[in-house]
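Residue strings, one per chain:
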Amino acid sequence: MKHDMIVGWEQHIKNGNVWEVTVELAMQDEIGPGVPSSVLEYTVMVLVVAPNRDLAQYIVTTMYPEYESISIPDEPYTPD
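Before going into details, it helps to say that this report is about the structure given with it. Quick caveat, the model's predicted, so the values are computed rather than measured.

## With respect to helix α2 (residues 53-63)
Then, number 1: For α2, every residue scored as buried is listed here: A56, V60 and T61. With its buried residues spanning 125 degrees around the axis, α2 presents them on a single face. Exposed residues pointing more than 90 degrees away from the buried face of α2 are listed as D54 and Y58.
Then, number 2: Taken together, the buried residues of α2 touch β1 (18-29), β2 (38-49) and β3 (67-71).
Then, number 3: Capping the start of α2 is the job of one residue whose side-chain oxygen sits 3.2 Å from the backbone nitrogen of D54: N52.

Here it is as structure tokens:
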């Protein structure tokens, strides 16, 4: 099969279709039997290809349904 078009990562960035989503998650730390466990929080940065901010948020909340908090800038991702 020959492709009619290939859209790469750089083209998605150039088109403004990449969103940087920061997600805070909680993880149960199991220390051992009889020892109380603790909850650890950690932050994940996810780059999502989506045509708009709302769809990017939906994708990430579907991927990480037990998130503690989520933040997305108003503008698409641009590399430094």
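## Digging into the sheet that holds β3
Then, number 1: The 3 strands are arranged β2-β1-β3 in an open sheet whose pairing can be described as antiparallel. The open sheet is flanked by β2 and β3, the only strands paired with a single partner. Strand-to-strand, the axes of this sheet are offset by a mean angle of 20 degrees, without reference to chain direction.
Then, number 2: Bridging between β1 and β3 involves 4 bridges; their strand directions are antiparallel. The partner of V23 across the bridge, within β3, is I70.

## Brief notes about the environment of W9
Then, number 1: With respect to the helices and strands, W9 occurs in helix α1 (residues 9-14).
Then, number 2: Taking the C-alpha atoms as reference points, W9 and V49, separated by 40 residues in sequence, lie 8.7 Å from one another.
Then, number 3: Residues contacting W9, with those up to four places away along its chain left out, are V18, L47 and V49.

## A short note on a nonpolar patch on the surface
Then, number 1: A contiguous nonpolar patch, built from W9, M45, L47 and V49 and spanning about 340 Å² of accessible area, is present on the exposed surface.
Then, number 2: The element contributing the most residues to the nonpolar patch is β2, with 3 residues.
Then, number 3: Accessibility expressed as a relative area gives 38% for W9, which makes it partly exposed.

## Overview of the nonpolar core
Then, number 1: By size, the foremost hydrophobic cluster in this structure holds 11 residues: W19, V21, V23, L25, V44, V46, V48, A50, A56, V60 and I72.
Then, number 2: Elements represented by at least two residues in this core include exactly β1, β2 and α2.
Then, number 3: The leading source of residues in this core is β1, at 4 residues.
Then, number 4: Setting aside anything within four residues of it in sequence, one finds V60 in contact with V21, V23, V46, V48 and I70.

Reading the values: the criteria
- Residue indices begin from 1 for each chain and proceed along its sequence in written order.
- Since the coordinates come from a predicted model, pLDDT governs what is reported: local features require at least 70, and pairs of side-chain atoms require 80 or more to be given and counted, while whole-chain, interface and lining totals use all residues.
- The side-chain values count all of the structure's non-hydrogen atoms but skip hydrogen atoms and water molecules.
- Each residue gets one of three labels from its accessible area relative to the maximum for its type: buried under 20%, exposed over 50%, partly exposed in between, using a 1.4 Å probe on protein chains only.
- Only DSSP runs of H or I covering at least 4 residues are called helices, and only runs of E covering at least 2 are called strands; the numbering of each starts at the N terminus.
- The arc refers to the directions leading from the helix axis to the C-beta atoms.
- Contacts are assigned to residue pairs with any non-hydrogen atoms lying within 4.5 Å of each other.
- Under the rule applied, a polar contact is a pair of N or O atoms within 3.5 Å (in protein, one hydrogen donor and one hydrogen acceptor; residues adjacent in sequence only if both atoms are side-chain atoms).
- Pairing between two strands is assigned when DSSP locates at least 2 bridges connecting them.
- Between N-to-C directions, angles span 0 to 180 degrees; the directions come from axes that are lines fitted to C-alpha atoms, helices contributing only their stretch in contact.
- By definition, no residue in a patch forms a salt bridge, and every one has over 30% relative accessible area; like charges are joined within 9 Å, nonpolar side chains (Val, Leu, Ile, Met, Phe, Trp, Tyr) within 5 Å.
- The method behind every accessible area is Shrake-Rupley, applied with a 1.4 Å probe, and residues are considered shielded solely by the protein chains displayed.
- A pair is scored as a salt bridge if a Lys or Arg side-chain nitrogen falls within 4 Å of a carboxyl oxygen belonging to Asp or Glu.
- Grouping buried Ala, Val, Leu, Ile, Met, Phe, Trp, Tyr and Cys residues that are joined through side-chain atoms within 4.5 Å yields what is termed a nonpolar core.

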